[in-house]
Amino acid sequence: MNLLHLSHLQRTYNHHSTHPVKAFKDISFDVNAGEYIAIMGESGAGKSTLLNIIATLEKASAGEILLNGQDLNALSVDQAARYRREHLGFIFQHFNLLSSLSNRDNIYLPLVLAKTPVEEMEKRLQPLVTSLGIHELLDRYPAEISGGQQQGIAISRALITHPDLLLADEPTGALDSNTSNEILDLFEKVNQNGQTIIMVTHSAAAASRAKRTLFIKDGRIYHELFRGENSFKKYQEEISKTMMTLTNGGEQ
């Protein structure tokens, strides 16, 4: 089932100036429910801008973007804020946890903002505690746990709203390789449970965990790869080769 549809998406800054800046020129792709997609490209290619548009934090300058049939460009600021809260989950490089709240309350935060009853919050937390193994962390504070554990709490916070789409911006960028692998294992687990994920990353190792990888160059989708039956190692080699070709300006 098609979940997300992007057609000829453009994003231009300083549109009316004599020197407009195009973050990207023509982005088109579809995402089916249950997919796990990585987005890669050189710095400045527009990856994070694209994620911000999908997240309704920015609007496209032209083109169409539909999530479950909803035209995201048509949402007002207030409508977009509500839509994010009800349909999207976010995971960031630096976790964005509130130090004054316990880990449990950090996870509950989006539901608190939505005025969800306490009984429903507790009900939603229990499967996350089981699947992500965070029981011993709940009554501690972010400063009392490791970076990988903090990211685990951030993932729980993103999933507790039952989002249609989980958006991750460099989720392993602040972690060492061993901890990154633990977080990527969690991503695979939640994807196997049916969660749709779009992840922006510079890491070929992280991208190799996704089922499909999109590469952005010169404001367009330059190439895409599918993991298929490949091992993580083989898929990572293909991703690295494509990135090298992209960086060197060659043709795929």
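- The chain appears in an unreviewed UniProt entry as ABC transporter ATP-binding protein from Candidatus Limosilactobacillus merdipullorum.
- The UniProt entry for the chain carries the following text under Sequence similarities (unreviewed entry): "Belongs to the ABC transporter superfamily."

**Topic: unusual backbone geometry**
Item 1. Within the chain, Asn 68 stands out as a residue other than glycine whose phi angle is a positive 55°.
Item 2. Along the polypeptide, Asn 68 turns up in the loop between strand S4 (62-67) and strand S5 (70-71).
Item 3. Positioned with a positive phi, His 162 is a non-glycine residue whose angle comes to about 55°.
Item 4. Along the chain, the position of His 162 falls in the loop between helix H5 (147-159) and strand S7 (165-169).

**Section: the packing of helix H3 (residues 103-113) against helix H4 (residues 118-132)**
Item 1. Across the interface, H3 lies against H4 with an axial gap of 10 Å and an inter-helix angle of 125°. By the angle class used here, H3 and H4 are oblique. The two elements H3 and H4 cross, and the hand of that crossing is right-handed. Here H3 contributes Arg 104, Ile 107, Tyr 108, Leu 111 and Val 112 to the contact with H4, which in turn contributes Met 121, Glu 122, Arg 124 and Leu 125.
Item 2. A per-class count over the contact of H3 with H4 returns 6 nonpolar, no polar and 3 charged.

**Some words on the environment of Ala 174**
Item 1. Its location among the elements puts Ala 174 in the loop between S7 and helix H6 (177-192).
Item 2. Separated by 27 residues in sequence, Ala 174 and Gly 147 have C-alpha atoms that sit 7.9 Å apart.

Here is what the cut-offs are and how they apply
Along each chain, the written sequence defines residue order, and numbers are assigned to residues from 1. Residues qualify for local features only when their pLDDT is at least 70, as the model is predicted, and side-chain atom pairs are given and counted only at 80 or more; totals for whole chains, interfaces and linings, by contrast, use all residues. Values shown for side chains rest on all heavy atoms present in the structure; no hydrogens or waters enter the calculation. UniProt positions are given in the numbering used here, feature names are shortened, and annotations may be inferred rather than shown by experiment. By the criteria applied, helices consist of DSSP H or I runs no shorter than four residues and strands consist of E runs no shorter than two, each listed in order from the N terminus. Orientation is described by lines fitted to C-alpha atoms, with helices fitted over the stretch in contact, and by angles between N-to-C directions that extend from 0 to 180 degrees. Any angle from 65 to 115 degrees is called roughly perpendicular, while one under 35 is roughly parallel, one over 145 is roughly antiparallel, and all others are oblique. By definition, turning the near helix anticlockwise from the far helix through less than a right angle yields a left-handed crossing, and turning it clockwise yields a right-handed one. Residues count as neighbours in contact if any of their non-hydrogen atoms are within 4.5 Å of one another. Residues were grouped as follows: Ala, Val, Leu, Ile, Met, Phe, Trp, Tyr, Cys and Pro as nonpolar; Asp, Glu, Lys and Arg as charged; and all remaining residues, including Gly, as polar.

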